[in-house]
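Reading the structure
What follows is each chain in one-letter form.
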Amino acid sequence: MKKMTIREISLCGVLAALYAAVTLATASFAYGPIQFRVADALCVLPFFLPVTSAGLFVGCLIANLFSPVSALDIVVGSAATLAGCVWASRLKHKWLTPLPTILANTVMVGAMLAAVLTPDALLQGFLTFGAQVAAGEIAVMAALGLPLLVYLEKSRLPERLVGPERVRRRA
């Protein structure tokens, strides 16, 4: 693995702050069983810049410190974001980039919500909360994540931020 440059470290810091700020600004619909976490649209960035997974993880961790659901959300929700970002960074086709975030949050956050909110009916809770989380993630990634992905590719913003040699180019 290449060492992180100062620009990449700075970018991760800015992304962490942006993710946390957007999530806290939209807190009324960013937490809970039915959630539209607008900041998750940023999880398409690791497709071009795998190093951004670290910044998005830290931003999610900070945002989840304020979760009204459970302290477990700090660990599980942040791990779901990290898993989705790392997975997205390894994809070969850009149109699949939203799927890791959707799937990681559906399974991990859906299971966490079921364990916290319906411990006596885990399977039913998981199916219900997983479906609700999936719906929110699909909406956010379709409305914001995919357009951001297309914009980033056309604008060549990742190259301008950290240099063309640090950006992954794929189909």
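Across its full length, the protein chain carries 7 helices and 0 strands. Mapped from its N terminus to its C terminus, the protein chain presents α and β elements in the order α-α-α-α-α-α-α. Taken against the 2.2 N^0.38 rule, which gives 16 Å for 171 residues, the C-alpha radius of gyration of the protein chain at 16 Å falls within 12% of a compact globule. C-alpha extents for the protein chain along the principal axes are approximately 50 × 30 × 30 Å. In the protein chain, which comprises 171 residues, the share counted as buried stands at 48%. Looking at the protein chain alone, contacts between residues at least 24 apart form 69% of all its contacts between residues at least 6 apart. For the protein chain, the accessible area works out to roughly 8,200 Å², and carbon and sulfur atoms hold 73% of it.

Quick look at the confidence of the model for the protein chain now. Taken as a whole, the protein chain shows an average pLDDT of 94; of its residues, 98% reach a score of 70 or greater. By mean pLDDT, the top-scoring element of the protein chain is helix α3 (residues 52–64) (98), and the lowest-scoring one is helix α7 (residues 157–162) (90).

Turning next to the pattern of salt bridges. All chains considered together, the criterion is met by 3 salt bridges. Glu153 serves as the salt-bridge partner of Lys94, at 2.3 Å between the closest nitrogen and oxygen. Residue Lys94 is located in the loop between α4 (72–89) and α5 (98–117), and its partner Glu153 is located in helix α6 (residues 122–155); the two are separated by 59 residues in the primary sequence.

What follows concerns the packing of aromatic side chains. Applying the stated criterion to the full structure yields 1 aromatic pair. Seen from their ring centres, Phe47 and Phe48 are 5.1 Å apart, and the 85° between their planes marks the pair as edge-to-face. Residue classification places Phe47 among the buried positions, given a relative accessible area of 0%. Look at Phe48 and you get buried, because its relative accessible area is 2%.

What follows deals with the packing of α4 against α5. Two elements in contact, α4 and α5, have axes separated by 8 Å at closest approach and are oriented at 165°. The pairing of α4 with α5 is recorded here as roughly antiparallel in orientation. As for the relative orientation of α4 and α5, their crossing is right-handed in sense. On α5, the residues that touch Leu72, Asp73, Val76, Gly77, Ala79, Ala80, Ala83, Gly84, Trp87 and Ala88 of α4 are Pro100, Thr101, Leu103, Ala104, Asn105, Met108, Val109, Met112 and Val116. Within the contact of α4 with α5, the residues separate by chemical class into 14 nonpolar, 4 polar and 1 charged.

With that settled, the discussion passes to the nonpolar core. Within the largest apolar cluster, 24 residues are counted, with the highest numbers of intra-cluster contacts made by Tyr19, Phe48, Leu49 and Leu56. The set of elements that each furnish at least two residues to this core consists of α1 (6–25), α3 and α6. With residues near it in sequence (within four places) discarded, Tyr19 still touches Arg37, Ala39, Asp40, Leu42, Leu56, Gly59, Cys60, Ala63 and Thr81. Ranked by size, the runner-up nonpolar core spans 9 residues in total, among them Val69, Ala80, Leu113 and Phe129.

Okay, the side chain of Asn64 next. Note that Asn64 resides in helix α3. There is a polar contact of 3.4 Å between the side chain of Asn64 and the side chain of Ser78. With residues near it in sequence (within four places) discarded, Asn64 still touches Tyr31, Arg37, Asp73, Ile74, Gly77 and Ser78.

Conventions we followed
- Residues numbered from 1 in each chain as written.
- Predicted model: local features only at pLDDT ≥ 70, side-chain atom pairs only at ≥ 80, totals over all residues.
- Heavy atoms only, no water.
- Helix = DSSP H or I, 4+ residues; strand = E, 2+ residues; numbered from the N terminus.
- Rg over C-alpha atoms; globule rule 2.2 N^0.38 Å.
- Buried < 20%, exposed > 50% of the residue type's maximum accessible area, 1.4 Å probe, protein only.
- Contact = heavy atoms within 4.5 Å.
- Areas by Shrake-Rupley, 256 points an atom, 1.4 Å probe, with all protein chains shown as cover.
- pLDDT = per-residue confidence, 0-100.
- Salt bridge = Lys/Arg side-chain N within 4 Å of Asp/Glu carboxyl O.
- Phe/Tyr/Trp six-rings, centres within 6.5 Å; stacked < 30°, edge-to-face > 60°.
- Axes fitted to C-alpha atoms, helices over the stretch in contact; angles between N-to-C directions.
- Parallel < 35°, antiparallel > 145°, perpendicular 65-115°, else oblique.
- Left-handed = near helix turned anticlockwise from the far one by under 90°.
- Nonpolar A, V, L, I, M, F, W, Y, C, P; charged D, E, K, R; others polar.
- Core = buried A, V, L, I, M, F, W, Y, C linked by side-chain atoms within 4.5 Å.
- Polar contact = N/O pair within 3.5 Å; in protein donor to acceptor, adjacent residues only side chain to side chain.

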